[in-house]
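# Examination of the molecular architecture
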Amino acid sequence: MKVSEMKKEMVYVLKESVATVTFIKKDGTERVMKGTLMSTELPVFAEADKSKTTKAPKKVNEEVIACFDVEAQGFRSFRIDSVTSFETPTASSGRLINA
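Residues numbered from 1 in each chain as written. Predicted model: local features only at pLDDT ≥ 70, side-chain atom pairs only at ≥ 80, totals over all residues. Heavy atoms only, no water.

### Brief notes about the sheet that holds strand β2 (residues 30-36)
In any sheet, the strands associate via hydrogen bonds between backbone groups, in a parallel or an antiparallel arrangement. What the five strands build is an open sheet, ordered β4-β3-β2-β1-β5; its pairing is antiparallel. If you trace the sheet from one side to the other, it starts and ends with β4 (74-79) and β5 (83-87), each paired once. Averaged over all pairs of adjacent strands, the angle between their axes in this sheet comes to 35°, without regard to strand direction. Relative to β5, strand β1 (residues 19-24) is paired through four bridges, and the arrangement is antiparallel. Looking at the pairing, V21 lines up with F86 of β5. (Pairing = 2+ DSSP bridges. Helix = DSSP H or I, 4+ residues; strand = E, 2+ residues; numbered from the N terminus. Axes fitted to C-alpha atoms, helices over the stretch in contact; angles between N-to-C directions.)

Written out as structure tokens, the structure reads:
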């Protein structure tokens, strides 16, 4: 499966549920995260004053997914090619997407 297809599928799942994502960090250690993009789980931020913003928009890295870690209560990101397991509570085999 192509990285772009995997990203599309993972983002879809993260928008619908909380997934357990296991991946290898840049330093070589394994990390297990319960992540989501469900609007009901995301924190509410105050609207920023856009008239004071002078930064250019960030370039989107198509090989990375950012999601909300429900245990750490913060946003985290992971490289798609570093994912070793992607599970949801509804996945019968535990593995929804073979990485």
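Following the structure, the description resumes.
### Some points on the packing of aromatic side chains
Evaluated as defined, the whole model comprises two aromatic pairs. Taking 5.2 Å as the distance between ring centres and 70° as the angle between the ring planes, the aromatic pair formed by F68 and F75 counts as edge-to-face. (Phe/Tyr/Trp six-rings, centres within 6.5 Å; stacked < 30°, edge-to-face > 60°.)

### Re the side chain of S82
Take S82: it is sitting in the loop between β4 and β5. Contact partners of S82, with chain neighbours within four places excluded, come to T22, F23 and I24. (Contact = heavy atoms within 4.5 Å.)

### Section: the nonpolar core
Counting 15 residues, the largest nonpolar core has M10, V21, I65, F78, V83 and F86 as the members making the most contacts within it. Per element, the largest residue contribution to this core is five residues, and it comes from helix α1 (residues 3-16). (Core = buried A, V, L, I, M, F, W, Y, C linked by side-chain atoms within 4.5 Å. Buried < 20%, exposed > 50% of the residue type's maximum accessible area, 1.4 Å probe, protein only.)

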